[in-house]
Amino acid sequence: MLRTRCAALSITLDFKQVQRLHAYLELLLQQRGRINLTGIRDPAQAERLLLLESIATVLAAPRLRAAPGDNTGLRLLDVGTGGGIPGIPLAIAFPHVAVTLLEATRKKVDFLQHVVASFALENVTALWGRAEDLAHVAEHRAHYDVVTVRGVGSLATVAELALPFCKRGVMLVAYKSLPLDTELQEASHAIHALGGRNPRVTPFNLPELPAQHCLVTVEKSTVTPEQYPRRAGLPARRPLAKR
Ligand code: SAH
């Protein structure tokens, strides 16, 4: 399924990449009970919702798929990566992209480092920390070409956690379910306050994925003001809203 569907999306996966993707998934499902890496148990469902959905990020971020020559140095950050979704499948499918995984829970970072070592993923770095802290570190702020964030919170929260990491002119990608009207409306103030604009919804429209699953992209148009993100916990507890 994976190879055929990816080919239809113009992504060529060789045998070794498909093997690695499945080996990673097996490890993730094996360890899931121990450290709560994913709620999904069924391997076929995991293949669709974790591997395919991650790789299908290209539908909203076509830069990922460009020829390796054009892509030298493309940097992707996955905020709140958990067990590595979508960052690890993206790193395996697009080995020319430098992927940084950010995760707040130490045990999950240990798992990610084990995955990186086991599969010799040279283009992946796993970092232990909180987005609220790392976004104020000069070498990470406004440093990434694509920032992904899946399952971490509402769009307003996600905008505060992820937009500070985006370079100007690039975008953040969030994984969501329709309908999103209220959530988009509630995030509108946060997106603008953080230097973002033009949120867009791209449904996956793939027969293997639930019809309501979609990608939300937000363009980074201006520099994020220095005070954001606020201190750890606030973006989730008190999302930015007009008062
Ligand atoms: N992206 C993964 C995991 C989603 S669960 C997936 O889709 O399967 C959300 C993860 O984000 C958790 O592992 C949690 O520890 C992490 N997280 C939540 N807030 C965070 C923050 N502020 N900084 C870094 N990681 C965070």
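Structure: see above.
About the cut-offs
- Residues numbered from 1 in each chain as written.
- Predicted model: local features only at pLDDT ≥ 70, side-chain atom pairs only at ≥ 80, totals over all residues.
- Heavy atoms only, no water.
- Helix = DSSP H or I, 4+ residues; strand = E, 2+ residues; numbered from the N terminus.
- Rg over C-alpha atoms; globule rule 2.2 N^0.38 Å.
- Buried < 20%, exposed > 50% of the residue type's maximum accessible area, 1.4 Å probe, protein only.
- Contact = heavy atoms within 4.5 Å.
- Areas by Shrake-Rupley, 256 points an atom, 1.4 Å probe, with all protein chains shown as cover.
- Near = heavy atom within 4 Å.
- Polar contact = N/O pair within 3.5 Å; in protein donor to acceptor, adjacent residues only side chain to side chain.
- 1 Å grid on protein atoms, 1.4 Å probe; cavity = no way out; pocket = protein on both sides within 12 Å on 5 of 7 lines; lining within 4 Å.
- Sits in = over half its atoms within 2 Å of the grid points.
- Nonpolar A, V, L, I, M, F, W, Y, C, P; charged D, E, K, R; others polar.
- Points joined across faces, edges and corners; volume = space filled by probe spheres on them.

A.B. asks: Mind laying out the overall build of the protein, listing which residues take part and the relevant values?
C.D. replies: A count of helices and strands for the protein gives 9 helices and 7 strands. A globule of 243 residues ought to have a C-alpha radius of gyration of about 18 Å, and the protein, at 17 Å, matches this closely. C-alpha extents for the protein along the principal axes are approximately 50 × 40 × 35 Å. Buried residues in the protein amount to 52% of all 243 residues. Partitioning the intrachain contacts of the protein with sequence separation of at least 6 by distance along the chain shows that 70% fall at a separation of at least 24. For the protein, the accessible surface area stands at approximately 11100 Å², while carbon and sulfur atoms represent 51% of it.

A.B. asks: Give a detailed account of the site of the ligand, specifying residues and quantitative values.
C.D. replies: With respect to spatial proximity, 15 residues lie near the ligand, and among them Ile85, Glu103, Lys108, Glu132 and Arg150 are the closest. One of the backbone nitrogen or oxygen atoms of Gly80 is found 2.9 Å away from a nitrogen atom of the ligand. In the complex, the protein chains occlude 81% of the 570 Å² of accessible area that the ligand would expose alone. Assessed atom by atom at 2 Å from the grid points, the ligand resides in the largest pocket. Across the shell around the ligand, the residue classes break down as 4 nonpolar, 6 polar and 5 charged.

A.B. asks: Give a detailed account of the layout of surface pockets, specifying residues and quantitative values.
C.D. replies: For the largest pocket, the calculated volume is near 510 Å³. Along its surface, the largest pocket is lined by 28 residues, and Gly80, Gly82, Glu103, Gly151 and Val152 are the ones closest to its centre. The set of elements that each furnish at least two residues to the lining of the largest pocket consists of strand S2 (98-103), helix H6 (131-134), helix H7 (155-162) and helix H9 (234-237). Here the residues of the lining of the largest pocket are counted per class, giving 12 nonpolar, 11 polar and 5 charged.

A.B. asks: Any details on the side chain of Lys176? Residues and values, ideally.
C.D. replies: Residue position: Lys176 is located in strand S5 (residues 166-177). Within the structure, Lys176 has its side chain in polar contact with the backbone oxygen of Gly153 (distance 2.7 Å). Separated by 2.8 Å, the side chains of Lys176 and Glu183 make a polar contact.

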